[in-house]
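Residue-level structural notes
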Amino acid sequence: MKPTFYIHTLGCDKNAVDSEKLAFSLQSAGFEPSYAPESADAIIINTCGFIQPAKEESVDALFEALSYKEASPGTVIAAVGCLAQRYKKEIEEGIEGLDLICGVDSADEAAKLLADMFGLSGTQASVQGRALLEPETRHYAYLKISEGCSKFCTFCAIPSIRGPLASQSIGSLVSEAKTLAERGAKELILIAQDTGSYGIDIYGKPMLPSLLSELCSISGINWIRIMYMYPESLNDEIIDAIASLDKVLPYLDIPFQHASDEMLAMMGRQATKESMYGLINKLRRKIPDIAIRSTFICGFPGETRSHAAELMEFLQNAKLDRVGVFEYSREDGTKAYSMPNQVSEKEKQRRRAQIMLLQEEISESSLAERIGTSITAIIDEEEAAGIYVARSYLDAPEVDGCVYIYTQAPLKIGEFCTAHITGSTAHDLEAEI
């Protein structure tokens, strides 16, 4: 009987891709997947070390995995990913019982070491392969187009964890995307630390438009969604590609992070409030249906109530479609860690709540304007009899809202439909077929 493995993935969707590649390497080495940790011979925690709450969640997951080892002493427990990369020594000294600790980009290494532990001699496969870990979501797939980041925002530890920008070739990405389409993916979601910088390191210039053009030629792929686009990377060529390529959704995730020029400079960002307004106006002029998503940080060191009010004024004027707000997390190894005038946790929480309340009002008003219109949606799941959860071009999985479709007609998961909007809330739409 083949040994089994279970992977628990924490953090971002880039980690989810890494887990699928690790699963592929493990299966190539002779393992079989298990979908329950208590029945697995090897439990692998793909950790996140980005911000403090994520680190705490990862540590909790490691201790939970070790509890299964107490019940079944032969179980192998492995820590991989960002936290394991960033704090390997601390994990070794502080968490007893782990059998393996590997950092990022370690699918082949981890698979080989685990195979050795179980006496397997299977041939190691290329990590370009990906094993499906969640069959119910095979109709959309993440395509990680590059790793690492060559920008150095003062609050971010990613460059020190994952290194500088390292793009995949267009050919390898097209090949991977074709495989994803063959296994049922109809929506490709492009991810990286900064998708707009794709290709600079290997081609000498940004190559996202060329990649998009190639991906659009793949049969079976209907939607292509772009995430994580730095505002300074979003040039006219990329905008024109989004406007002209039918399969590329009019949707962009642009992490602006703040709207105060003083705060942006302290964060190490190149954008200004004026350039951000200009970019938003240009996008809406060239792509009239564009949905703009963004994330912001509140409580950055030195942020005053005046700075926070400036951010709220920006949101009121920009009326972005989707917004996420994070409380600043003080991360060792970053420039911001030692900056003066750190904001209290209580004040961070207060500012975040205030900003989110404003954005909910903006979002609720914007979605209400869609009542009476029709929109194309893809079915994600059946929540209950006659109630389906779907997404339109406005909605990236897990981070945005959704479209609740009420119908007695049977709908298939992963199929597209035309939804007539009948109602809305602050985040979601309600519809009929």
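Presented here is an overview of the structure given in this document. (Residues numbered from 1 in each chain as written. Predicted model: local features only at pLDDT ≥ 70, side-chain atom pairs only at ≥ 80, totals over all residues. Heavy atoms only, no water.)

A look at the overall build of the protein chain
For the protein chain, the helix and strand inventory stands at 14 helices and 18 strands. Seen through its principal axes, the protein chain has C-alpha atoms that stretch 60 × 60 × 45 Å. Split into buried and exposed, the 433 residues of the protein chain put 55% on the buried side. Nonlocal contacts in the protein chain, meaning residues at least 24 apart in sequence, comprise 73% of its contacts between residues at least 6 apart. (Helix = DSSP H or I, 4+ residues; strand = E, 2+ residues; numbered from the N terminus. Buried < 20%, exposed > 50% of the residue type's maximum accessible area, 1.4 Å probe, protein only. Contact = heavy atoms within 4.5 Å.)

A few points about the environment of V389
Inspection of the secondary structure puts V389 in strand β15 (residues 387-391). For the pair formed by V389 and Y404, sequence separation is 15 residues and the distance between their alpha carbons is 4.9 Å. Dropping the residues within four chain positions of it, V389 is found in contact with I378, I379, D380, E381, E383, C402, V403 and Y404.

Some words on the sheet that holds β15
Read around the barrel, five strands follow the order β14-β15-β16-β18-β17 and close on themselves; strand pairing throughout is mixed. Direction aside, the axes of adjacent strands within the sheet are offset by 50 degrees on average. Summarising the sheet, β15 and strand β16 (residues 403-406) pair through four bridges and their orientation is antiparallel. Residue pairing across strands places Y388 opposite I405, the latter belonging to β16. (Pairing = 2+ DSSP bridges. Axes fitted to C-alpha atoms, helices over the stretch in contact; angles between N-to-C directions.)

Considerations on the nonpolar core
Counting residues in hydrophobic clusters, the biggest one holds 59 residues, and the most contacted among them are L190, L215, L283 and L315. The leading source of residues in this core is helix α7 (residues 170-182), at six residues. Counting residues in hydrophobic clusters, the runner-up holds 28 residues, among them I189, A291, L367 and A419. (Core = buried A, V, L, I, M, F, W, Y, C linked by side-chain atoms within 4.5 Å.)

Overview of the environment of D395
For D395, the location among the structural elements is in the loop between β15 and β16. Taking C-alpha positions, D395 is 27 Å from T272, a pair spaced 123 residues apart along the chain.

Description of the packing of α7 against helix α9 (residues 208-216)
Contact geometry for α7 and α9: axes closest at 10 Å, N-to-C directions at 30 degrees. By the angle between their axes, α7 is roughly parallel relative to α9. Of the two elements, α7 crosses α9, and the hand of that crossing is right-handed. Contacts from I170, L173, V174 and A177 of α7 reach α9 at S210, L211, E214 and L215. Of the residues contributing to the contact of α7 with α9, the split by class is six nonpolar, one polar and one charged. (Parallel < 35°, antiparallel > 145°, perpendicular 65-115°, else oblique. Left-handed = near helix turned anticlockwise from the far one by under 90°. Nonpolar A, V, L, I, M, F, W, Y, C, P; charged D, E, K, R; others polar.)

Let's talk about the state of the cysteines
In a disulfide, the sulfur atoms of two cysteines are held together by a covalent bond. Enumeration over the complete set of coordinates arrives at zero disulfides. Sulfur of C298: no disulfide; nearest cysteine sulfur belongs to C153 and is 17 Å away. C417 supplies the cysteine sulfur nearest to C402, a cysteine that is in no disulfide, at a spacing of 13 Å. (Disulfide = S-S within 2.5 Å.)

Some remarks on helix α2 (residues 52-71)
The end-to-end C-alpha distance of α2, which contains 20 residues, comes to 30 Å, matching closely the 28 Å that a straight helix rising 1.5 Å per residue would cover. Every buried residue belonging to α2 is among A54, K55, S58, A61, L62, A65, L66 and K69, and all of these are buried. Take α2 and look down its axis: the buried residues cluster within an arc of 140 degrees, on one side only. When the buried face of α2 is taken as reference, the exposed residues oriented beyond 90 degrees from it are P53, D60, E70 and A71. (Expected span 1.5 Å × (residues − 1). Arc of directions from axis to C-beta.)

Topic: the side chain of D395
Overall, D395 belongs to the buried group, its relative accessible area being 1%. Engagement of the side chain of D395 in a polar contact is seen with the side chain of R322, the distance being 2.4 Å. When sequence neighbours within four positions are dropped, the list of residues in contact with D395 reads R225, Y251, R322, D400, G401, C402 and V403. (Polar contact = N/O pair within 3.5 Å; in protein donor to acceptor, adjacent residues only side chain to side chain.)

Considering the side chain of T75
If you trace the backbone, T75 turns up in the loop between α2 and β4 (76-81). From its side chain, T75 meets the backbone oxygen of S72 in a polar contact 2.9 Å long. When neighbours within four sequence positions are excluded, T75 is seen to be in contact with A40, D41, I43, Y68, K69 and D99.

Geometry only, nothing functional implied.
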